[in-house]
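# Structural overview
If you want the building blocks of each chain, they are given just below.
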Amino acid sequence: MSRSPSFTVKTELSPKLNPESLQQWVVAFCIIRFDLEQGQLIEECYPPDCLTQDEELEIALSSFPDSVSQHQNRSSIHDCIFFFRFRRRGDSQLANVSSSENTAVDKELSPKNMDIRNLRRSNTRNNNKASRYMYGYVFNRQRHDERLKRGQLMELPIGNAMLKVSLPPAHSLPLKSGMFFEESVSFMAPLLPNNQSVPQGLFHDSDIFGTFRGLLLQLWVLWELLLIGEPILIIAPTPPQCCEAVASLVSLVAPLLYSVDFRPYFTIHDPVFAHLNSLQEGDIFPPMVLGVTNLFFLKALRNIPHIVSVGSPTISNQPNLAARSSSGKIAVRSQAFGLQQLSLKRFSPSNLLSAVKLRRDGPLCLMTEHKEAIWSTYAATTKPDTSILNRLIDAGMSPRVEESMSLVNNEILRRHFLELTTNFLAPFGPYFRSKTPSEGSSPFVDPPPLSPFNADEFLASLSARGPGKFLSKRMKSNWMDLYRRFLKGANFMPWFQRRRAVAEQEQHKLWRQARMKTDIQQFISKMSELEIVDSFNAIERHLLEELQLQQSGRASADSASSCQKLKGDLRTVFSVLPKDMQQLLLFNPQRAALLQGSSELTKLPGRPLVQVGVVSSTSPR
């Protein structure tokens with residue numbers, strides 16, 4: 001989420017636009033206008049006809065902030081930058097869009113019993129699917145038009161009487177202090193870091209400290225809720241603060257790639273809302289993180305178990321409360337209960353009483369006044385790390401110092417939660433451990449499968465050896481419950497599948513390198529005839545795999561040398577086989593071509609000349 005995006009203009013105009021190059025990074029550019037009679041309308045879309053009607057409607061509805069989130073502003077021009085994310089429905093022409101970070105979970109798989117073949121099948125199916133989600137980036141400009149009537153005559157029934165009043169627009173209502181709200185701007189983008197030294201996670205440079213400054217003690221609770229995939233409702237005064245909060249939460253569990261559905265900015269126009277609103281009391285709320293500004297969701301989504309209120313409405317005549325730095329970052333002063341000042345020594349009993357009162361009043365108290373708070377009955381296992389909180393720096397009143405100190409504080413928090421997540425995931429390490437060929441064994445045979453995973457066996461083993469030194473200092477005695485919830489949650493299986501796939505690829509690479517270095521003469525001198533035949537079949541299979549990769553354009557840089565080495569090994573093994581076996585093997589035209597090192601005409605014993613070549617799409621087993 002770069003806060004200072006670069007933008008340059010070429011001095012020479014391109015003669016024409018390359019649609020294929022454009023579609024590698026963007027789906028469409030849209031110009032959307034709000035019409036008083038018809039609502040949101042897409043006036044222009046380039047490239048044309050690249051979106052379905054449903055997608056156009058969803059984009060149009062999501063590109064305008066809720067009316068209740070705009071009541072703070074009364075300036076003539078009002079700019080707002082935010083982004084949204086929605087699930088794509090049905091087939092689309094845009095199959096070239098890169099796949100979402102969310103991995104579809106194979107229904108055949110379960111943590112208790114996992115088969116490597118199922119994992120491979122699942123990965124293949126997932127790779128063939130088009131993107132399941134689409135991101136929208138919005139620059140919204142609102143102009144005040146004096147020609148239009150903002151307050152309309154309304155009839156309000158009071159008992160048997162009817163009161164006729166002209167209500168002022170919501171955004172013009174002042175605060176109790178007589179000051180008007182002003183909205184801030186922030187820029188964000190869900191891109192993975194290009195630098196491989198940076199942990200691979202979404203929104204790795206989001207402003208955790210600035211967003212949750214008033215709820216720092218609750219970050220460890222939120223970390224657990226995200227880890228186990230619990231549904232969370234995020235409420236913020238403005239779309240930028242709302243998006244920033246969701247992005248910061250998603251980034252909190254890095255390097256774990258968050259697999260639960262999350263919506264940085266969610267409105268009542270989203271098709272999913274109808275389903276969520278229909279949930280009855282006692283129904284299980286689906287795992288997802290929703291960022292909203294409309295307080296109507298507090299009543300509509302009563303079943304959601306965890307509600308987080310963040311951010312604060314900024315005040316126009318106090319620049320230190322809404323200072324926007326040159327890089328685009330917002331400095332927001334917290335006005336909520338909890339850690340109002342960063343020093344824990346200043347945490348007074350009155351703050352604790354405020355927190356208790358907020359819990360008692362419930363989230364509906366936000367209807368009268370916005371406060372930063374968390375409403376959840378979840379009992380966290382991880383204890384807040386006071387040493388980390390004491391290292392955070394209070395920047396004071398200067399916006400420039402605030403920006404610098406916020407960067408430092410974000411780095412402190414991010415490093416801590418990165419270490420916390422890494423240590424939590426460390427016990428799964430043995431299931432991703434690649435194995436190299438042992439000394440004296442043949443690298444041409446199939447590598448052994450990775451260690452099988454069974455949830456019950458894993459938990460029993462983990463309980464016996466303990467969580468490790470790092471976690472034991474930071475977790476309560478019921479730390480095993482967190483692992484049990486993680487295994488049942490929506491994040492575990494996609495993460496485990498990805499890690500297994502990476503481990504298998506690494507193991508494949510190691511065995512391939514071993515085959516390149518092996519002296520085949522030394523191996524076959526110690527083999528029986530049956531082992532020599534098995535080696536011949538294995539070398540032939542590896543050679544065909546390399547050739548298929550070359551034909552598909554997915555071969556590595558050293559594929560040609562690898563094929564040459566395998567062909568030489570294949571001929572060497574073939575030369576020591578019995579003559580009758582050689583004759584039998586040569587009856588396969590494809591095999592005969594490989595042994596001759598070409599796909600030219602090959603003379604088979606007792607047969608006329610036939611043209612042979614690599615035509616099979618699968619390796620012989």
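The name given to the protein chain in an unreviewed UniProt entry is UDENN domain-containing protein, with Carya illinoinensis as the source organism. Regarding the protein chain, the relevant UniProt record gives this comment under Sequence similarities (unreviewed entry): "Belongs to the DENND6 family."

What follows is about the overall build of the protein chain. Per the secondary structure count, the protein chain includes 20 helices and 17 strands. The buried share of the protein chain, reckoned over its 621 residues, is 47%. Taking all contacts inside the protein chain whose residues are at least 6 apart in sequence as the whole, residues at least 24 apart take part in 74%. In the structure as shown, the protein chain presents an accessible area of about 33100 Å², 53% of it carried by carbon and sulfur atoms.

Let us now look at helix 20 (residues 589-596). Residue pairs spaced three or four apart in an α-helix point in one direction, given the helix's 3.6 residues per turn. Within helix 20, six of the eight residues are buried, which leaves it mostly tucked inside the rest of the structure. Of all the residues in helix 20, the buried ones are Gln590, Arg591, Ala592, Ala593, Leu594 and Leu595. Regarding helix 20, its N-cap is Asn588, as a side-chain oxygen of that residue lies 3.0 Å from the backbone nitrogen of Gln590 further along.

To continue, consider the environment of Pro264. Within the fold, Pro264 resides in the loop between strand 9 (261-263) and helix 7 (271-277). We classify Pro264 as buried; its relative accessible area is 1%. Spatially, the C-alpha atoms of Pro264 and Arg85 are 6.7 Å apart, while their sequence positions differ by 179 residues. In this structure Pro264 touches Phe83, Phe84, Arg85, Cys242, Cys243, Val246 and Gly291, once residues within four positions along its chain are discounted.

Time to look at the side chain of Asp385. Structurally, Asp385 can be placed in the loop between strand 15 (373-375) and helix 10 (386-391). A distance of 3.2 Å separates a polar atom in the side chain of Asp385 from a polar atom in the side chain of Arg474. For Asp385, the residues in contact, after removing those within four places along its chain, are Trp220, His416 and Arg474.

Judged by nonpolar contacts, the single largest core of 84 residues is most densely connected at Leu219, Trp223, Phe424 and Phe428. Among the elements that line this core, the one with the most residues is helix 5 (residues 219-227), at eight residues. Ignoring any residue separated from it by four or fewer positions in sequence, one finds Phe424 in contact with Trp223, Leu227, Leu471, Met475, Leu482, Tyr483 and Phe486. Grouped together as the second largest cluster of nonpolar side chains are 22 residues, Ile520, Ile539, Phe574 and Leu595 included.

A separate point is the pairing of strand 10 (residues 288-292). In regular strands, side chains alternate between the two faces of the sheet. When you tally the buried positions in strand 10, you get five out of five residues, the bulk of the element. Burial along strand 10 is two-sided: the residues Met288, Leu290 and Val292 and Val289 and Gly291 are all buried. Relative to strand 10, strand 8 (residues 232-235) is paired through four bridges, and the arrangement is parallel. Each residue of the ladder has a partner; that of Leu233, found in strand 10, is Leu290. In this sheet, strand 10 lies alongside strand 9 in parallel orientation, the contact comprising three bridges. Note that in strand 10 the partner of Arg263 across the bridge is Leu290. Where the polypeptide runs from strand 9 across helix 7 and back to strand 10, its parallel neighbour, the crossover connection is right-handed.

So, how was this worked out
- Residues numbered from 1 in each chain as written.
- Predicted model: local features only at pLDDT ≥ 70, side-chain atom pairs only at ≥ 80, totals over all residues.
- Heavy atoms only, no water.
- UniProt positions renumbered as here; feature names shortened; annotations may be inferred.
- Helix = DSSP H or I, 4+ residues; strand = E, 2+ residues; numbered from the N terminus.
- Buried < 20%, exposed > 50% of the residue type's maximum accessible area, 1.4 Å probe, protein only.
- Contact = heavy atoms within 4.5 Å.
- Areas by Shrake-Rupley, 256 points an atom, 1.4 Å probe, with all protein chains shown as cover.
- Polar contact = N/O pair within 3.5 Å; in protein donor to acceptor, adjacent residues only side chain to side chain.
- Core = buried A, V, L, I, M, F, W, Y, C linked by side-chain atoms within 4.5 Å.
- Pairing = 2+ DSSP bridges.
- Right-handed = clockwise from strand over helix to strand, strands pointing away.

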